[in-house]
Amino acid sequence: MRVVLVDGGGSNIGSVRYALQRLGVDAELTADPERIRAADRVILPGVGAAAEGMRRLRRYGLVEVLRTLQRPLLGVCLGMQLLFEHSEEEDVDCLGLLPGRVTRLRPGPGVRVPHMGWNTLEKNRDAPLLEGIESGDHAYFVHGYAAPVGEACLASTTHGRRFAAVVQRGNVAGAQFHPERSARVGARLLRNFIEYGLA
Amino acid sequence: MLSRRIIPCLDVKDGRVVKGVRFRDHVDMGDIVELALRYRDEGADELVFYDIGASPEGRSVDYAWVERVARLIDIPFCVAGGIRSVETARAVLHAGADKISVNTPALERPELISELAAAFGVQCVVVGVDSVREADGQWRVRQYTGDPARMRAPGLRTLDWLVQVQRLGAGEIVLNCMDSDGVRRGYDITQLRQARALCQVPLVASGGAGSMEHFAEVFEQADVDGALAASVFHGGVVAIPELKRFLRGRNIEVRDDR
């Protein structure tokens, strides 16, 4: 099993890699299109801004590689947002692998932005990716923008409004929360992705 | 629903966890990784490592322990102390920290907050504020608080600074009320309530926790997003699993790691 982490320069790459090591998986960190295409599992981590994330993917020639990937792809946090068509953050076009637009979370009474901390998941449907994870389980979120609850949404979370917490369509999936920092729930999601792919 | 966070703070000096009273007289509390793992197992929601020697000594944190912690724990953690540039912040984040916190360097050069926010996104940028109530009844900030001999009062009102740091790109604020720090008589509810009214970003209370009741008070009365504490946890006065049961009994939303 070859697992690669797409090296888009995001600052949580180290943490995601360590989380996989705790599961006994040694992931290769690479921006090489050939190595990414040849991998069994591809993880796109990301922390930061959408425009900068897309710029990096373009600079390394990875936009088409990710768009045409055949193997299971998991985007994490910003990496998940980049899977959608567009992000309101600096008004940037993203990979377009999932339908919908990423929009800003709005602060309100009792709703602070960025959304930071442990929030509960609400499962929309069962999927191998969510095996062992139930509605009411907590995951760790840190973000100011969020993806819509569309057909691809496996689990949602509410902070001011309801948004997609875990998504999947075909071989493309994403987690808005940080599995590498979400204790048991995060480890389970990563293990499910490695073991089951996105069957 | 978003949980209120319980955040043990580990003051780090010379590679060990230490704790002082009112920022003085530091006592050795143990090994960094050992304590980090203990708190993670007990249900801490997040950890803060404060390299208290870094800013007064004019150096930045040593990243070797950041990486050791990042490899082992699966909850988020923030590193503070001596982060004066985007490059230093990048190194700390790449070593595996989830957030970086700036305090003295942000007072020296407020643009640092904007530079960090532009480079990593506001969600990585925590601004720590050390605050003291002065004779005229106003709260004002302190810098170089890691070393009593070098501590300085730049004269800035705490509440003005809270507004300014949010405009510059702070994604979270930790307000350390120094008059309450280490004395375990409860958080400074009055000051935190005023701070809360001015903070659209998450606000974490720091300084004064002495009992489980103090945590309930600060969540109920000051509506903070997280409560940070050190000595009550290190000294075993408050145990996190019991604290979370207590808070749940008061209908305060806390994480339950089943």
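Right above here is the structure, for reference.
Being a predicted model, the structure only gives us computed values, none of them experimental.

Engineer: I'd like a rundown of the pattern of salt bridges, residues and numbers included.
Structural biologist: Pairs may arise between side chains of opposite charge once their charged atoms sit close together. Residue and element names in this part refer to chain B. Considering all chains together, one arrives at 38 salt bridges over all chains under this definition. Across the pair D45 and K244 runs a salt bridge, and its minimum N-O distance is 2.8 Å. Here the residue D45 occupies a position in the loop between α1 (32–42) and β4 (47–51), and K244 occupies one in helix α10 (residues 240–249), the gap between them amounting to 199 residues. The two residues D45 and K244 agree in class, both being buried. D45 is the salt-bridge partner of R255, the closest N and O atoms lying 2.9 Å from each other.

Engineer: Report on the nonpolar core, specifying residues and quantitative values.
Structural biologist: Within the largest apolar cluster, 82 residues are counted, with the highest numbers of intra-cluster contacts made by L47, F49, F77, Y187, F215, V218 and F233 of chain B. Discounting chain neighbours no more than four positions away, the residues touching Y187 of chain B are L192, A205, S206, G207, G208, A209, H214, F215, V218, A227, L228 and A229 of chain B.

Engineer: Can you break down the packing of aromatic side chains residue by residue, with the values?
Structural biologist: For the coordinates displayed, the defined rule picks out eight aromatic pairs over all chains. When the ring of F141 of chain A is compared with that of F177 of chain A, the centres are 5.7 Å apart and the planes differ by 70°; the resulting orientation is edge-to-face. Pair noted here: F141 of chain A is in strand β10 (residues 138–143) and F177 of chain A is in the loop between β14 (172–175) and α6 (183–196), with a separation of 36 residues, a long-range link. Judged by its relative accessible area of 0%, F177 of chain A is buried. Lying over the aromatic face of Y60 of chain A, R59 of chain A brings its terminal NZ or CZ to 6.0 Å of the ring centre. Positioned over the ring face of W118 of chain A is R255 of chain B, at 3.9 Å from the centre of the ring.

Engineer: An account of the sheet that holds strand β11 (residues 145–146) of chain A is needed here, citing residue identities and associated values.
Structural biologist: Residues and elements named next belong to chain A. Taken together, the four strands give an open sheet; going across it, the order is β6-β5-β7-β11, and neighbouring strands pair in mixed fashion. Pairing within the sheet leaves two strands with one partner each, and these edge strands are β6 (92–93) and β11. Pairing analysis gives two bridges linking strand β5 (residues 86–87) to β6, with the strands arranged antiparallel. Its bridge partner being in β6, H86 is matched across the sheet by D93.

Reading the values: the criteria
- Residues numbered from 1 in each chain as written.
- Chains lettered and ligands numbered in written order.
- Predicted model: local features only at pLDDT ≥ 70, side-chain atom pairs only at ≥ 80, totals over all residues.
- Heavy atoms only, no water.
- Salt bridge = Lys/Arg side-chain N within 4 Å of Asp/Glu carboxyl O.
- Helix = DSSP H or I, 4+ residues; strand = E, 2+ residues; numbered from the N terminus.
- Buried < 20%, exposed > 50% of the residue type's maximum accessible area, 1.4 Å probe, protein only.
- Core = buried A, V, L, I, M, F, W, Y, C linked by side-chain atoms within 4.5 Å.
- Contact = heavy atoms within 4.5 Å.
- Phe/Tyr/Trp six-rings, centres within 6.5 Å; stacked < 30°, edge-to-face > 60°.
- Lys NZ or Arg CZ within 6 Å of the ring centre and 35° of its normal.
- Pairing = 2+ DSSP bridges.

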